[in-house]
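# Coordinates in review
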Amino acid sequence: MTDKEQDWDIVVKPKTAAFKLNFKEVLGYRDLILLMVKRDVTTIYKQTILGPLWMLIQPLFATLIYTFTFGQAQLSTDGIPGLLFYLIGQTFWTYFAECFNKTSNTFIANAGVFGKVYFPRLVMPISVVLSNLVRLAIQIVLLTGVYLYFYFSTDKLNPHFLLFLAIPLLVLLIAVFSLSLGILFTSFTTKYRDLTFLLSFAVQLLMFLSCVVFPASMFKGTTFGVNTQSILLCNPVATSLEAIRYIITGNGVFSPAYIFLSAAITLLLFLGSIIVFNRTEKTFMDTV
Amino acid sequence: MARKVIEVNSLGKQYRLGQVGTTTLVDDFKRWTYRIRGKEDPFLKLGEENDRTKKGSSDYVWALQDINFEVEQGEVLGIIGKNGAGKSTLLKILSRTTAPTTGEYKIKGRVASLLEVGTGFHPDLTGRENVFLNGAILGMTKSEIRKNFDAIVDFSGVERYIDTPVKRYSSGMYVRLAFSVAAHLNPEILIVDEVLAVGDIEFQEKCIGKMKDVAGNGKTVLFVSHNINAIRTLCTKGLFLKNGRVNLFGKVQHATEAYLFEGLDNHAERNFLPGQVAIDKLCHLQSVSVCNEHGQLTNNFDVTESVKLKINYAVLEKNYTYTVHYYVKNSSGDVLFVAMDNKYSPYINDPQEPGNYSEELTINSNFFNEGSYSVLVLICTFPTMVDDKFCAYDNALNFTVSDKNLETGARGSWNREWPASLVRPDFNWVISKIG
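In this report, we go over the structure that sits alongside the text. (Residues numbered from 1 in each chain as written. Chains lettered and ligands numbered in written order. Predicted model: local features only at pLDDT ≥ 70, side-chain atom pairs only at ≥ 80, totals over all residues. Heavy atoms only, no water.)

### Regarding the overall build of chain A
- Along chain A, the regular secondary structure elements total twelve helices and three strands.
- Expressed as lengths along the three principal axes of its C-alpha atoms, the size of chain A is roughly 80 × 55 × 40 Å.
- For chain A, the residues scored as buried account for 49% of the 288 residues in total.
- When the accessible surface of chain A is split by element, carbon and sulfur atoms take 70% of a total near 13,900 Å².
- Taking the 20 positively charged and 14 negatively charged side chains of chain A as two groups, their mean positions are separated by 4 Å. (Helix = DSSP H or I, 4+ residues; strand = E, 2+ residues; numbered from the N terminus. Buried < 20%, exposed > 50% of the residue type's maximum accessible area, 1.4 Å probe, protein only. Areas by Shrake-Rupley, 256 points an atom, 1.4 Å probe, with all protein chains shown as cover. Lys, Arg positive; Asp, Glu negative; His and termini not counted. Charge placed at Lys NZ, Arg CZ, Asp CG, Glu CD.)

Quick look at the structure:
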């Protein structure tokens, strides 16, 4: 029987096309993604007493510290009550940082499983981003409570109710951006671990470029002849955070142009990192 | 003609030895400069055969080189070879956890690989949760797992613990549950690596039975093991890898024999230096040999021929009587029989005088079945082994017995394949009409 008469299901060669999106295959493993999410969510707080409450305690403490230090330093909060301002920043920033941190470790952390069974490797980072979404949802409940308190006790909040519908899209933007950065990072660190030393440090620095503890409106000057604010807003996290603040409090920079720019940057980064990830996943077991 | 489900064409896998460091970076850079100039990877030409015992001159080795074979639907292929021969690398490539360096392979059908049992098991999750998680990792959908859940738990025999976190399981229970999930995968091609080494006898038999079922249902199985008996009972074909190359691909019987006798020289005769194999300064083994009924040295026999084993030894001091034992083993390492000379020794009641002695044992014609055999020689003092006084030499002699379908053998005029059996003696039959 010759090859032409027989149709093969899998043909493996040393190198395949650089750009082969296997989304269809990933979709076939959606049950695995869901089970991984379930595993992540249920096992993190096993054998703890406070359990999922820890998801609330972490942002709450961070927010209190920010309110104390940055509030005392009289940093602008765009007229939003400090506690609410920092809690918004902290909630969405933590989501980004957690996703980035965890996905940037995909290959090394899962080497044991990846070395034994084949399934589309993208399943793992995607499940990380989704399980952190559960965590984000719980934190949004806290945020909503604090928000309602300020909404009814002060008249400083002027939400744009119609735009609330855009919030999931902004979260998606943050999610895809963190996923792309993470899988790019993990692809570069399987062989040469140098970049892992950069990671925690990079996340810290990125926080100061993401309008977490200060509003974009503080930046009015220019850097190297370019408007500082527009440099900041090239960062999809900064753009999304500012937009979310604008939507729910009425204060913040909301510019469709920058959102589209961020979306474009994210999409490009996503496609690029998928290429790198696909190339790496084939032989990373040999070098990890 | 059965359908081909796996086709492997000149597959190769190159690894770089040593640590990842600046030299790797330099090599990577060089590779990249060659690639952008459209040239072939310079390091592919490098590299040596993968013999782990020898120090090589290159940092690159070929863990697999020029591997070609085909598997048809319903075949069970046993892959054998020493540690480091490339068995696991081959399975890794076929189960797509890493890509080959050269060549290609094609597969038809759903593949499930069991390179390890319990991949992805989370210690904090219960048995039930882990069944679902592990099943999904192995490629099952949730509904498939739900459908098979009862069968999985039943097969594993850990029903009582199914809602307990698996970190509380005994290691045997853990493996039982894990294998059960894999056993219910229902793939068209199953790739199994040495998982039978765990679990108790009852469970091992269950596993072999399950794998036979899988094979019997027209599924294809690739099986790596060092357990030659398991390979022989399960497999129809054998692939013997040596230093990353295919040494033999064919019938499982031939492949396992090539493997078991690999590295052993075919010794029809062996001479020893004085003292090389000896009991202190009492007795030296001088030589052993195997010959045919005419006294000619040979190690190829027909099943109808008798086999003679000869031994020469020197007695140096007059204190003891010595006795010679032969352990004749088949290629699985099972001792087929032990022969002792004491019943025939004229010195059995008096110590042997110093001097050279020779003994000859004739093994009847029509005794051995087809196969390869090895002989362990042992000399000890008689009647008791005083102070552990004995010397022995394993694999002293090797010989093979083949079947030329002669009618003088036990087969008579039976002209088909002789059924598998350890020996093939020619007995006396008395047949008469009594009514």
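### Observations regarding the pairing of strand 1 (residues 4-16) of chain B
- As defined by bridge partners, strand 1 of chain B adjoins strand 3 (residues 60-72) of chain B across nine bridges and the pair is classed as antiparallel. Note that in strand 3 of chain B the partner of Y15(B) across the bridge is V61(B). (Pairing = 2+ DSSP bridges.)

### A word on the sheet that holds strand 20 (residues 390-402) of chain B
All names here are of chain B.
- Spatially, the five strands line up as an open sheet ordered 14-20-19-16-17, and their pairing is mixed. Every other strand in the sheet has two partners, leaving strand 14 (300-302) and strand 17 (335-340) as the edge strands with one partner each. This sheet shows a mean twist of 30° between the axes of neighbouring strands, independent of strand direction.
- For strand 16 (residues 321-330) and strand 19 (residues 371-382), the ladder comprises ten bridges, and the chain directions are antiparallel. Bridge pairing in strand 19 links H325 to L378. (Axes fitted to C-alpha atoms, helices over the stretch in contact; angles between N-to-C directions.)

### Let's talk about the pairing of strand 7 (residues 189-193) of chain B
Residues and elements named next belong to chain B.
- The element strand 7 is extensively covered by neighbouring structure, given that five of its five residues are classed as buried.
- Burial along strand 7 is two-sided: the face carrying I189, I191 and D193 and the face carrying L190 and V192 are both buried.
- As judged from the four bridges shared by strand 6 (residues 111-114) and strand 7, these two strands associate in the parallel manner. Residue pairing across strands places A112 opposite L190, the latter belonging to strand 7.
- As judged from the five bridges shared by strand 7 and strand 8 (residues 220-224), these two strands associate in the parallel manner. Bridging from a neighbouring strand, V192 pairs with F223 of strand 8.

### Structural notes on the nonpolar core
- By size, the foremost hydrophobic cluster in this structure holds 118 residues, and its most contacted members are L84(A), F92(A), W93(A), F96(A), F119(A), V221(B) and F223(B).
- The biggest single contributor to this core is helix 4 (residues 82-103) of chain A, with twelve residues.
- Grouped together as the second largest cluster of nonpolar side chains are 36 residues, L336(B), V375(B), V377(B) and I379(B) included. (Core = buried A, V, L, I, M, F, W, Y, C linked by side-chain atoms within 4.5 Å.)

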